[in-house]
Amino acid sequence: MALTALKVKNAKPGRYVDGRGLCLFVKESGSRSWVLRMQHNGRRRDYGLGSALDVTLTEARDAAAALRRQVRAGIDPVAERRKSRKVVPSFETAARECYEALKDGWKNQNYRNWISSMENHVFPLISRKPVDQVDSTHVVEVLTPIWLDIPDTARKILQRIGAVLDFAHIRGWREEEAALRSVRKGLPRQTDKVEHFKAMPYSQIPAFMKELATASPTTGRDALRFTIYNAVRSSETRKAVWTEIDLDKAVWTIPGERMKAKETHVVPLSKAAVSILRRRWKLRTSDDGLVFSTNGEKPISDMTMTKLLRDAGIKGATVHGFRSAFTDWASEKTDFPKEVADKALAHKLSNQVEAAYRRTDFFDKRRELMTRWAEFLGQR
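Criteria and thresholds
Residues numbered from 1 in each chain as written. Predicted model: local features only at pLDDT ≥ 70, side-chain atom pairs only at ≥ 80, totals over all residues. Heavy atoms only, no water. Phe/Tyr/Trp six-rings, centres within 6.5 Å; stacked < 30°, edge-to-face > 60°. Lys NZ or Arg CZ within 6 Å of the ring centre and 35° of its normal. Helix = DSSP H or I, 4+ residues; strand = E, 2+ residues; numbered from the N terminus. Buried < 20%, exposed > 50% of the residue type's maximum accessible area, 1.4 Å probe, protein only. Contact = heavy atoms within 4.5 Å. Salt bridge = Lys/Arg side-chain N within 4 Å of Asp/Glu carboxyl O. Pairing = 2+ DSSP bridges. Axes fitted to C-alpha atoms, helices over the stretch in contact; angles between N-to-C directions. Parallel < 35°, antiparallel > 145°, perpendicular 65-115°, else oblique. Nonpolar A, V, L, I, M, F, W, Y, C, P; charged D, E, K, R; others polar.

J.: Can you help me understand the packing of aromatic side chains in this one?
T.: When we look at a pair of aromatic rings, we describe it by the centre distance and by the angle of the planes. Scanning the model with the defined rule gives 12 aromatic pairs in all. Just above the ring of Trp281 sits the side chain of Arg284; from NZ or CZ to the centre is 3.6 Å.

J.: Honestly, the environment of Ile161 in this entry has me stumped. Any pointers?
T.: By the secondary structure assignment, Ile161 is in helix H7 (residues 151-170). On the basis of relative accessibility, which here comes to 0%, the residue Ile161 falls in the buried class. Distance from Ile161 to Phe91, taken between C-alpha atoms, is 9.3 Å for residues 70 residues apart in sequence. Discounting chain neighbours no more than four positions away, the residues touching Ile161 are Phe91, Met118, Val122, Val139, Val142 and Leu180.

J.: I keep staring at the pattern of salt bridges and nothing clicks. Help me out?
T.: Here the structure, examined in full by the defined rule, presents 16 salt bridges. The salt bridge partner of Asp18 is Arg61, with a shortest N-O separation of 2.8 Å. Here the residue Asp18 occupies a position in strand E1 (residues 14-19), and Arg61 occupies one in helix H2 (residues 57-72), the gap between them amounting to 43 residues. Looking at Asp18, the relative accessible area reads 13%, which means it is buried. A salt bridge links Asp311 to Lys307, with the shortest nitrogen-to-oxygen separation between them at 2.9 Å. Of the two residues, Asp311 and Lys307 both sit in helix H12 (residues 302-311), four residues apart, roughly one turn of that helix. Here Asp311 falls in the exposed class, since its relative accessible area comes to 55%.

J.: Explanation requested: the sheet that holds strand E5 (residues 245-246) in the structure shown.
T.: Paired through their backbone hydrogen bonds, the strands of a sheet run either parallel or antiparallel. Strand order in the open sheet formed by three strands is E5-E6-E7, and the pairing between neighbours is antiparallel. Every other strand in the sheet has two partners, leaving E5 and strand E7 (265-268) as the edge strands with one partner each. With two bridges connecting them, E5 and strand E6 (residues 251-254) associate as antiparallel partners. Bridging from a neighbouring strand, Asp246 pairs with Val251 of E6. Strands E6 and E7 of the sheet are contacted by helix H16 (residues 363-377), whose axis makes an angle of about 45° with E7.

J.: Can you walk me through the packing of helix H9 (residues 219-230) against H16 in this structure?
T.: To describe two helices that pack against each other, one gives the angle between their axes and the distance between the axes. Two numbers describe how H9 lies on H16: the axes approach to 9 Å, and their chain directions differ by 130°. The orientation of H9 relative to H16 falls into the category oblique. Two secondary-structure elements touch here, H9 through Ile228, Tyr229 and Asn230 and H16 through Met370, Trp373, Ala374 and Leu377. For the contact of H9 with H16, the class distribution of residues is six nonpolar, one polar and no charged.

J.: Is there a simple way to explain the environment of Pro268 in this structure?
T.: Here Pro268 shows up in strand E7. By relative accessible area, which is 2% here, Pro268 ends up buried. Along the chain, Pro268 and Arg367 lie 99 residues apart, while their C-alpha atoms are 5.2 Å from each other. Apart from residues lying up to four places away in sequence, Pro268 is in contact with Asn230, Ala250, Phe363, Arg366, Arg367 and Met370.

J.: Can you help me understand the pairing of strand E2 (residues 22-26) in this one?
T.: Sheet faces and side chains relate simply in a regular strand, where the side chains alternate between the two faces. E2 sits mainly inside the fold: four of its five residues count as buried. Pairing geometry for E1 and E2, over five bridges, is antiparallel. Residue Arg15 lies in a different strand from E2, and its bridge partner there is Phe25.

J.: Looking at this structure, how should I read unusual backbone geometry?
T.: Keep in mind that most residues, glycine aside, have a negative phi and that most peptide bonds are trans. The residue Arg20 is not glycine, and still its phi comes out positive at about 55°. Here Arg20 shows up in the loop between E1 and E2. Using a relative accessible area of 63% as the deciding quantity, one classes Arg20 as exposed. In this model, Ala250 sits at a positive phi of 55°, which is unusual for a non-glycine residue. Examined against the element boundaries, Ala250 turns out to sit in the loop between E5 and E6. A relative accessible area of 14% places Ala250 in the buried class.

Structure below.
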């Protein structure tokens, strides 16, 4: 006989059938729960519907009817329930887990580059997006700003995003494997020709520096001005920490592990560069944290400085291109030897014999050169 609300309330320990597979199970402890017993794919399956203290008889019958409709439609209710309980991480969380799982099989340099490329170019745009929602459209948005400017890096990032999405599929965070074949169709064709970083003509840089200096100060503007004053790579600025800098002596010592040539580089700081640092020192969160950061712990994205160029309407030039502009200025507007400018840029000599005999780092001459450069740019 079908159950009634009173029978449910007063039922003794045992199993009570309501009809069409809906049962009430009462334990010796007095706890009672609803279970729907039915066939699915030739197997008997029990589906829990909740405690009878929380779910009424009417509600249990409605839930059982809904489950029967799902099964008739070919849907596995257990799998659907698991899916609804599954917590899907953000793309950044998935990427970092992928990185930790794979990095032991890579060379040191490879895994450093792997995660830094994500931090610089990918996380600023899609870090918080659930990894199961990242599709080819989002990947195109990530790659568009760098696809032609740094093509080799962009191609590697495409592969790395694919690896993260495949990893997410294996972990059960994505229903299907990544399908990124269409990404290249949404991007311009890359050529095999090696192109130099596009540079703003040095004659135009003073006006741009004035524009940056007169705008509201931000971490990004400070970082870009500091990068230009010192003719360094953007990564060297973004990851600079206070312990590398001696404000009294106006010297910045970049350790070898942060340099492209893997050699320590000592930068003589101009008055303009020191002025930026002294203002940022007042804003610091710690004495040993990152110089150009909002919290002293996480470096700004490389895209932060690039965006300043784009916002100023400068579409062709790159941040790295300011190093080339510095080289052009030094050769055309000064009498300093090429070796001094090369050392200021921390270029490594290709001739090993010459490198072995050249012991000087031209520090005093470089200080003069960087002072002249700051004066040309307009010290502010």
